[in-house]
Amino acid sequence: MAKNLLKIDYEKYTLDNGLQVILYPDNSFPLVSVNIWYSVGSANEKPGKTGFAHLFEHMMFQGSENIPKEGHFRYIQEAGGSLNGSTSIDRTNYYETVPANYWELPLWLESDRMGFMLGGLTQEKLDNQKDVVMNERRQSYENQPYGTAWEKLFSNLFPENHPYSWPTIGWMEDITKFELNEVKNFFRTYYSPNNASLVVGGNFDTNGMRNSIEKYFGDIQSGGKVPGITVPPKKNIETKKIIVEDSIQLPRIYLGFHTEKAFSKNDAALDILSDVLTSSKNARLQKSLIFEKQIAQDVYSFQYSARLDGSFIIISTAKPGITLESIKSEIMTEISKLISGGITDDEMLRAKNSLKSSYIYSLQKLDLITDHLNHYNYFLNEPDSFLFDLSRYENVTKEQVIEAAKKYLLNGHTELNFIPRTK
Amino acid sequence: MIDRSAAPAPEKKLTFDLPEIKELSLSNGTKVLFVRKDKLPIVYTNLIISCGSKSDPAAKRGTGYLTSLLVDEGAGKFDSLELNGEFEKLGSIFSVRSNHDMTSMTLTSLKDNFNRSLELMSDVILTPRFDEKDFAREKKKVLDKILQLKDEPSFIASSVFERKIFKDSYYAFPEIGFENTVADISNNDIKKFYTQNYTAANSTFVVVGNLTESEVTDKFNGYFSKWDSSKKSSAIFEKPERAPTSFYFVHKKDSAQSEIRIGHLAKKRDAADFIPARIMNTILGGQFSSRINLNLREDKGFTYGANSSFQYYREAGLFEVSTAVNIENTGEAVSEILKELDGIRKEITPKEIEFAKSYLIKQFPARFETYAQVAKNIEQLILHRLDIDDLRGYTGKIESTEIREVSAAALENIFPEELVVVAVGEKEKIIPQLKKIKGVEPEELDLNGNPQI
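These numbers come from a predicted model, not from an experiment.

K.L.:
Quick question: what am I supposed to make of the interface of chain A and chain B here?
P.N.:
How big an interface is tends to be stated in terms of the accessible area lost upon association of its parts. Each partner contributes residues to the interface: chain A has 79 residues there, and chain B has 77 residues. Summing both partners gives a buried area of about 7,000 Å² for chain A against chain B, and 55% of it is carried by carbon and sulfur. Of all residues in chain A, N143(A), Y361(A) and Q364(A) bury the most surface against chain B, accounting for 10% of the area lost on that side. In this structure, the connection of chain A to chain B is made through nine salt bridges. We note a salt bridge from E73(B) to K281(A), for which the minimum N-O separation is 2.8 Å. Elements with a contribution of two residues or more to the side of chain A that touches chain B: helix 2 (71-78), helix 3 (105-116), helix 4 (123-142), helix 8 (206-217), helix 10 (284-292) and helix 12 (345-361) of chain A. Broken down by element, the side of chain A that touches chain B gets its largest block of residues, nine residues, from helix 4 of chain A. Broken down by class, the residue content of the side of chain A that touches chain B amounts to 31 nonpolar, 26 polar and 22 charged.

This is the structure:
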């Protein structure tokens, strides 16, 4: 197979102010994609101040010293580009993809907000974006069926002061209270070049790009040492069950098990375990719950692994008249069967072949590649890790998958039941 | 120190070579539109069949959708699970989707596994099994999905909105059907739908991949040369009329927001002023920096986002403003949208037009980056029966559009006195707000868009 395609030619260096730069020239299509990761996410927040990293991401689109409010959108769109940002528990990213002749524009825009964001900040802009984010919370979570399940699951799976116990968007009462000086402090603490990495991919001249990056980012002042994150040593390992009423027709169960962080020993085996359980019609839980017994409308699972920790999540919606107890019991039966009866060669082949081709398919889009380079750089300190990542999966054995299931899925866990409102 | 006050100028204008679309014919007459793309060892295939919910019998709405779910539940010598397993072993992704106008089967595969994947796809197209037990299971799944959709405010808002706009024509009904109509569908109905509609004469292949022209012809002839191409199906569209502005609402208990849809019937995709209308909508609500989004989101903070669009089905167009707002701001948000619809008819500045033209022209190449994106552009040509060279003229037509044409497009495509206004949310909160706008009592509808009795 065309595995050599997954070997990425890149150049990595660090500016004097600490900004990591990764250049990935690829002249096959007339686009340039700029992708910055700041090493700050909701895990850097404190209880009572949740949602701040995400709100701050919104503020980064409100202009800076030389860019007017919404200017980022206006400039990039007028150039025919696309742009956005996103906040996760571990990091915040910002990206622009532009026609190749506009390659310098994103550097100007990104460097202005990295270096000179506070000059454009006003109370009015903050108040406006607090309203927008509160509406984002209503639209994406509160007004969606099962929309608050994720935050209810994680706030119970992790202890109260664990950085993964609150939702990235934040609790509503925290969002309403943010003040302007907090925005300023957050910027000074986390948005320094030494806490960021810049990937530029696509059709450009490497020398010109290097010079221009130095020109726009070189004189931005380095920040202080970024404070670390304190992780409480204790996990909730006892089994608990939470029941929530919601405006829904069909009940849904969520099971959360503590596992391991991203790229740790069993991480890839847990991904394969998830594939074997739910990734297709033939997968164990889909086959049993949906195809044969027809007691569930859907079933999903995934190993959700991040920088500090990981968890394995199983979600299933019951058919009308079916109890969540019977769904859970069937899930646990299938897991025991897998542990005692083993996995077939066919199951491993299906999982691995699907994964392998998905790596090739993922090379179609420049902005995905640049984001992936930042992802690998962040976790592994090596941007060119597509092949390494794939080999992690290719090397997983049946026995390792069983071991991972045994080690983690038979332990205490958090069970969340979403049920239709009784009145 | 560098001067940061001005944006860096772009380098010389980009030249972009539009991929060449080859029109090939199989020996049974089926058309294959092919684009050679060599960057990666990938072949993307899409079979487009001209059938969908438009082809549903009136008493059995949802037949086309259910057929699309069942057609790959076992084919040839494989049962449902075996067939799925075969695709997985090849690392190929196969899926079937269906909308009002079209059913499409897409296959993404590595070049090395293309032959075997295409063979499996041909089994699905030519020899689906339609086993009784698969029918019973998938039908129940659809009925339970219809139940679940009652929870989704955005689905309710969109389907009720289209119901009001398209009245009793075939675009008025959700693809998935209704509880009572799906309940009446039998496995024989599915087989009949398949036989009448999944025919060669109704179908076109789109192929984008790392293959030569003759490889494509040979491989496809190998599997499809005997596919019968004599029967073509058709459905008759009864074009509705626009009506004076009416306000509707659907009650949704305990809602944190109201889902809003505002719009009306619009021209078809092949209208002479398609390009000026597109430029006009780009300014009105077609992207982040549009008037509607900047007003409702960045100025008022009513919403996470608001947009407007022209949507084109084969026989009709639809103009739609869509947003979800904090429920307390429902009335103000609707008023602001109405103001913007009036406003775009009154004045559009040359600066706005320059921005929109630049945006549309310069983003064009990026629409051809992935294999699926290239195919998507061709699918639109097929759906709207456009000339194969239509894409070639696209940016030039935008470039040469004049200010007065964009202003005229606003007058000829936006009708503020003929709107359907739909809000979905807690009725005690939204009724008084909607009433205040024009002093008209809003009409309550049920989840299917029928008058609430």
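K.L.:
Sorry, what's going on with the pattern of salt bridges here?
P.N.:
Oppositely charged side chains are able to pair whenever their charged atoms sit close together. A full pass over the atoms with the stated rule returns 62 salt bridges over all chains. Of the charged contacts in the structure, one is a salt bridge between K365(A) and D367(A), with a shortest N-O distance of 3.8 Å. Here D367(A) falls in the buried class, since its relative accessible area comes to 19%. Across the pair R404(B) and E402(B) runs a salt bridge whose closest N-O atoms are separated by 3.2 Å. Classification of R404(B) as exposed rests on a relative accessible area of 58%. Of the residues examined, E402(B) reaches a relative accessible area of 40% and is grouped as partly exposed. Among the charged side chains, a salt-bridge network with shared partners connects D346(A), R350(A), E86(B), E88(B), K89(B), R116(B) and E119(B).

K.L.:
Would you take a moment to explain the sheet that holds strand 5 (residues 92-99) of chain A for this structure?
P.N.:
Strand pairing within a sheet occurs via backbone hydrogen bonds; the two strands may be parallel or antiparallel. All names here are of chain A. Taken in spatial order, the six strands line up as 1-2-6-3-5-4 in an open sheet, and their pairing is mixed. The open sheet has two edge strands, strand 1 (11-14) and strand 4 (82-87), and neither has a second partner. Across the sheet, the mean angle from the axis of one strand to that of its neighbour is 15 degrees, orientation sign disregarded. Of the strand pairs in this sheet, strand 1 and strand 2 (residues 20-25) are connected by four bridges, and their pairing is antiparallel. Opposite E11, over in strand 2, you have L23 as the bridge partner.

K.L.:
Quick question: what am I supposed to make of the sheet that holds strand 8 (residues 252-258) of chain A here?
P.N.:
Taken in spatial order, the five strands of this open sheet run 7-11-8-10-9 (chain A), and their pairing is mixed. Strand pairing shows two members of the sheet lacking a second neighbour, strand 7 (240-246) and strand 9 (296-305) of chain A, which therefore form its edges. On average, adjacent strands in this sheet sit at an angle of 15 degrees to one another, irrespective of strand direction. Inspection of the sheet shows strand 7 of chain A paired to strand 11 (residues 414-420) of chain A by seven bridges, in the parallel sense. Across the sheet, residue E245(A) finds its bridge partner in strand 11 of chain A, namely I419(A). Those strands touched by helix 4 (residues 132-149) of chain B are strand 8, strand 9 and strand 10 (310-318) of chain A, and its axis lies near 70 degrees from that of strand 9 of chain A.

Rules behind the numbers
- Residues numbered from 1 in each chain as written.
- Chains lettered and ligands numbered in written order.
- Predicted model: local features only at pLDDT ≥ 70, side-chain atom pairs only at ≥ 80, totals over all residues.
- Heavy atoms only, no water.
- Contact = heavy atoms within 4.5 Å.
- Buried area = accessible area lost by both parts, 1.4 Å probe.
- Salt bridge = Lys/Arg side-chain N within 4 Å of Asp/Glu carboxyl O.
- Helix = DSSP H or I, 4+ residues; strand = E, 2+ residues; numbered from the N terminus.
- Nonpolar A, V, L, I, M, F, W, Y, C, P; charged D, E, K, R; others polar.
- Buried < 20%, exposed > 50% of the residue type's maximum accessible area, 1.4 Å probe, protein only.
- Pairing = 2+ DSSP bridges.
- Axes fitted to C-alpha atoms, helices over the stretch in contact; angles between N-to-C directions.

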